[in-house]
Structures are given as structure tokens and as C-alpha cells.
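What follows is the residue order along each chain.
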Amino acid sequence: MLVPMRAILEAADQNGYAQAAFNMNSVSQIEAAVKIHEIMESPALLQGAEASNAYMSGNLDFMHGTLEDKAAGAKVIGAAVKQYGADSPVPVALHLDHGKTLEVVKACIAGGYTSVMIDGSSLPYEQNVELTREVVKYAHPYGVTVEGELGVLAGVEDHVFSAASTYTNPVQAVDFFKKTGCDALAISYGTQHGPNKGKDTKIRREIAIATKECMMHEGINGFLVSHGSSTVPQEYVQEINAMGGDLQNAYGIDVQQLVDVSRCGINKINVDTDIRMACTRNVMRLFAAHPELRDSKYIGQVYADLVAKPKNFDPRNYCGSVMQMIVRGSEPHPDLVLLNNCLRQGVQQACAPLLVQFGSCRKAKLVQPITLEQMADRYKKEEKGAI
Ligand code: G3H
Ligand code: 13P
Ligand code: ZN
């Protein structure tokens, strides 16, 4: 069934594990993701970023999508998650990743998202609070969960802790939860987005621990989120490069560190890069094993676009010629099935080990099966209780 993200994170918090959250960029990936979570008996937390929503509207210039594009794409993603998730035996939540405005939040909720992130981390603190509070005011009456962000994720050096630190301040995090009423908070503690996180990156786990401790002392019933947490398996990097790719200095977060923080305060771990890499590795393998497909009327252009930019590992940048397959899941020729299976398997290969390691495997039953309407009622009652 579809549930608000809060239900999934409550189970993680109460049982001492983290739920991995995976970014989706095609109907086939959503289908495959739900399936692998079912096999693992794990709750499913799927996300679409603003650019993913624009892309899923069919706009190839998805990094510059309009609000209309994002609204249209949110409906496509929402419908696919409903198609595969509504009757699933595992609880499924659909979360907006890095929403930047209230308008995008509204479009995603209208499209069927059960959770939203509002990322005001680049704003001055008071403006971040204001924007996040506004989103909470809008989303909670729908029963929709809200994640905020505090602190800036960047290539900050290890062990930097000074007035200039962009890491999250645990005391300010507590203030942020209190002032905004948000459910979850992305913290900055040493991770960063993308494939170049630095070799031997060390997470400042004490920031997660201190923040969670402060929250417990203040009776804040919220959850901490680790962004930029791909593990960038070196086998993917080596294989992609051996097949003509050019990924330099690609290192992720050592998975043991993520396992560690998933047991001491972090309840949601975001992963996108690992999926992109697994899919691209699979697509490269396909064209290497079947050179005749390079001239396929259906997927030959995909190969041309893939080899044109060896540094690129985002399938969205070379799957433009098969947009109907991406946004409708339609596969009118066996060559398209072969390509789509690369995306399906990439999702499953990247996700399965992390569901085990972060601890959500076999935890589906622990999630309270609560609807958005029931969650909306809960928020209303809590608000009354607070007055
Ligand atoms: O945190 C960002 C995610 O990796 C989403 O990336 O905006 O390119 O879809 P995207
Ligand atoms: P990665 O780039 O490490 O996969 O981070 C994903 C993320 O934080 C999405 O919000
Ligand atoms: Zn992120």
C-alpha cells in the first residue's frame, strides 16, 4: 500500500535501522524497485528529484524544466508508483527529493507524492525556517511527510569544525524541528552528492549522534537523513572505464560507515549515483555483448549518445531517443526490452545489498499501514495537543 514516509521512518527509528531512499528516473525503474523491495520484504522509499519530474514529463532539457513540466512528470511518476505500489504487500512511499519551492511541493502532492523535501539549506537560517514552516503548513493537512535540510553538503575537508563549518549544528537542528514542525531533517556531516566524494571520506558520525541526543532530550519525534550517500562500488567504476567510460576519482562513502550511523541516529539514507552507475554498466555490457544492437533502429541512437560522452553515467543523458519507453514503460520491440532490462536490473543490483546492510530487509511488517487521511488526522490531533 502507499503510505506517508513518516510511517516508514517511524518503524526505522523504533527498530534501530535506516531506510534507503532511491531515486527513480523511468517507469521501468519504479516497477523494478517495488519488486526488489517485495523480494527483500522491505518497506520501499522511492524518490523523484525536481529534475526527474521534469524528465518524466518528456523534456530532454530536464535540468531546466518548467513548473508545468515538473507537474506533468510528477503525475507520471505518481501514477507509476500507484500502479506498482498501491496493491503491493510492502508499504511504499513516494518522496520529492530536494524540492526548492512551495509550488513544486504542491505539484508533487497533486501528482500523488506521499512525502516532500523542501531544501532551503542555501537560504539564510530564518528564511529556511520560514519556507519549511510554510511547506509543513501546506503538506500536513494532506497527511504528507516533510523533510527539511540544514547545513550545506559540499566537499568540506575532514574534521573541519569551526565558526565557518557548513556541517549541521545539532543545537540549531533542534531549533529547526521546533520552529518548522518538519518530520525529517537532512544533515550535513561529511557526505556529498555525486560520484566524487573523495577517497577515504570520513563521516562525522558524532554530528548525527549529538543531534539525535538533543532531539530526544527535547522530546522531538523526528528523523535524521543522510544525503549524498552512494557507495560508488569500485567494480562499477572499473568495469565502466574498461568498456570505454572515463570516470575519474570516483569514490563513495564506505558502506560500513553508513551501517554504523544507521544504528545511531540516521533513519534515511539517500542513494542515486550507485543506481545510475549500475544501469550504465549494464547498458555498456549489453552493447559490448551484442555489437549488432549498435545499429538497431530502436536503440542504436542510445549507443551513439552513450559513447559520445564517456564521462557521463546518467542514463537520462543517453536515453532521450527512447523517451516513450522511459515515461510510459512501453516496449514495442525486443531491443527495447533488452535496454529496459538494463535499467531494471541496475536498480535491483544497486538497491538489494543496501537494503540488507542498512537494515530494512524483512522489516516491511513493522510499518504501521496508515493512509494519508489517517496521518492528516494524527497531525491535527497533535497540533491541538500542543496548544
Ligand atoms: O540529490 C540529488 C539527486 O542525486 C538527484 O539528481 O536532480 O539530477 O535528478 P537530479
Ligand atoms: P548520491 O549522489 O550520493 O547518490 O546522493 C543522492 C542524494 O542525496 C539524493 O538526494
Ligand atoms: Zn540529496
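Higher on the page you've got the structure.
As the structure is a prediction and not an experimental result, all values here were calculated from the model.

> Can you lay out empty space enclosed by the protein for me, pointing to particular residues and giving the numbers?
One pass over the full model with this rule turns up one cavity of 30 Å³ or more. Quantified by volume, the largest cavity comes out at close to 80 Å³. Forming the walls of the largest cavity are 14 residues, and the residues nearest its centre are N25, Q29, D314, P315 and R316. Class assignment of the residues belonging to the lining of the largest cavity gives a composition of six nonpolar, four polar and four charged.

> Which residues make up the site of ligand 1, and what values go with them?
Taken together, N23, A49, A51, S52, D97, H98, H193, D272, R276 and R316 form the complete shell of residues around ligand 1. At 3.2 Å from an oxygen atom of ligand 1 is found a side-chain nitrogen or oxygen belonging to H98. One of the side-chain N or O atoms of H193 is found 3.2 Å from an oxygen atom in ligand 1. Look at ligand 1: alone it shows 300 Å² of surface, and the protein chains cover 77% of it. Judged by the proximity of its atoms to the pocket grid, ligand 1 belongs to the second largest pocket. Here the shell around ligand 1 is built from residues that sort into two nonpolar, four polar and four charged.

> Residue-level account of the site of ligand 2, with values.
By nearness alone, 14 residues border ligand 2, and D97, K197, S230, D272 and T273 come closest of all. D97 is positioned such that a nitrogen or oxygen atom in its side chain is 2.6 Å from an oxygen atom of ligand 2. Between ligand 2 and the protein, one listed contact pairs an oxygen atom with a backbone N or O atom of G194 at 2.8 Å. Contact with the protein chains covers 96% of the free accessible surface of ligand 2, which is 310 Å².

> Give me the lowdown on the coordination of the zinc ion (ligand 3), citing residues and values where you can.
Distances from the zinc ion (ligand 3) to its protein donors, namely H98 (NE2), H193 (NE2) and H227 (ND1), fall within the range 2.0 to 2.1 Å. Site description for the zinc ion (ligand 3): donor spacing in sequence, H-x94-H-x33-H. Note that H98 is positioned in strand β3 (residues 92-99) and H227 in the loop between β7 (223-226) and α9 (234-242), a separation of 129 residues in sequence. Taken individually, H98 and H227 each receive the classification buried, so the pair is uniform in this respect.

Thresholds, definitions, all that
Residues numbered from 1 in each chain as written. Chains lettered and ligands numbered in written order. Predicted model: local features only at pLDDT ≥ 70, side-chain atom pairs only at ≥ 80, totals over all residues. Heavy atoms only, no water. 1 Å grid on protein atoms, 1.4 Å probe; cavity = no way out; pocket = protein on both sides within 12 Å on 5 of 7 lines; lining within 4 Å. Points joined across faces, edges and corners; volume = space filled by probe spheres on them. Nonpolar A, V, L, I, M, F, W, Y, C, P; charged D, E, K, R; others polar. Near = heavy atom within 4 Å. Polar contact = N/O pair within 3.5 Å; in protein donor to acceptor, adjacent residues only side chain to side chain. Areas by Shrake-Rupley, 256 points an atom, 1.4 Å probe, with all protein chains shown as cover. Sits in = over half its atoms within 2 Å of the grid points. Donors = N, O, S within 2.8 Å, 3.2 Å for Na, K, Ca; no water. Helix = DSSP H or I, 4+ residues; strand = E, 2+ residues; numbered from the N terminus. Buried < 20%, exposed > 50% of the residue type's maximum accessible area, 1.4 Å probe, protein only.

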